Amino acid sequence: MARISSLSSQATLVQKIQILTPNIGVVYSGMGPDSRVLVRKSRKQAEQYNLLYKEPIPVTQLVRETAAVMQEFTQSGGVRPFGVSLLVAGYDDKGPQLYQVDPSGSYFSWKASAMGKNVSNAKTFLEKRYTDDMELEDAIHTAILTLKEGFEGQISGKNIEIGVIEADRTFRVLTAAQIEDYLQEVE
Amino acid sequence: MVGKNCFAIASDRRLGVQLQTIATDFQRIFKIHDKLFLGLSGLGSDAQTLHQRLVFRHKLYQLREERDMKPETFASLVSAMLYEKRFGPYFCQPVIAGLGEDDKPFICTMDSIGAKELAKDFVVAGTASESLYGACESMFKPDMDHEELFETISQALISSIDRDCLSGWGGHVYVV
């Protein structure tokens, strides 16, 4: 996920990748402010589930509720649809999952996906590179390569973000230093 | 009561209003799904209403999540629903018994405003609860198989019911 960067921007302070629950993370493509509203709503819904059932919310349920919110805004009066597509990544009892949610409110489960400016090239690239039995390191490597395909300028730890979730079920965003390590392997 | 990879839940069959017996076949234990049972003691109408509402919630959960509720989750749900009515409560004490993941037995009871009480061996509720505590404490052994568990819980139930004028008219025992 590429960050806005120029000589004057302090890109490190505002992240594009957000945590919804300890085991679910999300990234968006589109209008940042719209995504913030959705992240807020989703976090509250996830926590309400947890309060009721004392259990972390399954990824499918959170995606469904978020998508329902997005659909609401396509049918209610006086509002406009959210200008974002979301990629939701999480780990629950069914294993690791990835979902894409569109402004219409429809959601899709993916093994690998991309969105944004370079989406068609990125998806073709992923179709060639993706295998079912990839390890985490391979997956990060592939993700970086995919991002690099359509990247303008010099890719570095400061202008991309990577979020990772493995069997420990904890979503974490990699630090710039960790990203640099992976980038060096790519070079 | 908990056994080895099994549980048993039992109740009496009397429905009464103080000294008058209204029914001698009152159903107090309800199946939520194959591995989860709920017993509700206390006010008869609150027991029935609460059961209906919980079945409703569970059915929706099954449709949404495409799976049965785990007993621990169900207990949290019951607790939350009871506390919602904190200042106008259901006059019920639930007893929840089920098999969780890997068929590990789970039991718990609550007071009428949702304070959960987990136990590894047995839980009791109702008018004869004090008597039941004594009977279970003396008769319980860990890791009983289902036949021995059935005998034990039945004996504990009968001996406690016989000492309580508000309980009686037989018993229901479910062993899973």
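Check the entry above for the structure.
Here's a quick rundown of the structure. (Residues numbered from 1 in each chain as written. Chains lettered and ligands numbered in written order. Predicted model: local features only at pLDDT ≥ 70, side-chain atom pairs only at ≥ 80, totals over all residues. Heavy atoms only, no water.)

**Notes on the nonpolar core**
Note the threshold: Here, nonpolar core refers to any group of buried Ala, Val, Leu, Ile, Met, Phe, Trp, Tyr and Cys residues whose side-chain atoms link them within 4.5 Å. Only protein chains enter the accessibility calculation, which uses a 1.4 Å probe; a residue is then buried when its area is under 20% of its type maximum, exposed when over 50%, and partly exposed in between. Comment: elements are numbered from the N terminus, with helices defined as DSSP H or I runs of at least four residues and strands as E runs of at least two. Contacts: residue pairs with any heavy atoms within 4.5 Å of one another.
Membership of the largest hydrophobic core comes to 46 residues, with the highest contact counts inside it found for Leu86 and Val88 of chain A together with Leu54, Phe74 and Ile96 of chain B. No other element matches helix H2 (residues 59–75) of chain A, which puts seven residues into this core. Setting aside chain neighbours within four positions, we find Ile96 of chain B in contact with Leu36, Phe37, Leu38, Pro71, Phe74, Ala75, Val78, Phe106, Ile107, Cys108 and Met110 of chain B.

**Describing the sheet that holds strand E8 (residues 116–119) of chain B**
All names here are of chain B. Short version of the rule: If DSSP finds at least two bridges between two strands, the strands pair. Angles run from 0 to 180 degrees between N-to-C directions of axes, and those axes are lines fitted to C-alpha atoms, restricted for helices to the stretch in contact.
With respect to topology, five strands assemble into an open sheet ordered E4-E5-E6-E7-E8, the strand pairing being antiparallel. Whereas interior strands pair on both sides, the edge strands pair on one side only; in this sheet they are strand E4 (29–33) and E8. Averaged over all adjacent pairs, the angle separating strand axes in this sheet is 20 degrees, with direction ignored. Judged from the four bridges that link them, strand E7 (residues 105–110) and E8 form a sheet pairing that is antiparallel. When the bridges of E8 are listed, Cys108 appears paired with Leu118.

**Let's talk about the sheet that holds strand E2 (residues 24–30) of chain A**
Residues and elements named next belong to chain A. Taken in spatial order, the five strands make up an open sheet running E1-E2-E3-E4-E5, and their pairing is antiparallel. Only two strands of the sheet have a single neighbouring strand rather than two, namely strand E1 (18–21) and strand E5 (107–110). Adjacent strand axes in the sheet meet at a mean angle of 25 degrees, parallel and antiparallel pairs treated alike. Taken together, the three bridges between E1 and E2 define a ladder with antiparallel strand orientation. Directly across from Ile19, in E2, lies its bridge partner Gly25.

**What to know about unusual backbone geometry**
Residues and elements named next belong to chain B. Backbone geometry places Asn5, a non-glycine residue, at a positive phi of 55 degrees. Residue Asn5 is classed as exposed on the basis of its relative accessible area, which comes to 52%. A positive phi angle, close to 55 degrees, is found at Asp102, a residue other than glycine. Tracing the chain through its elements places Asp102 in the loop between strand E6 (92–99) and E7.

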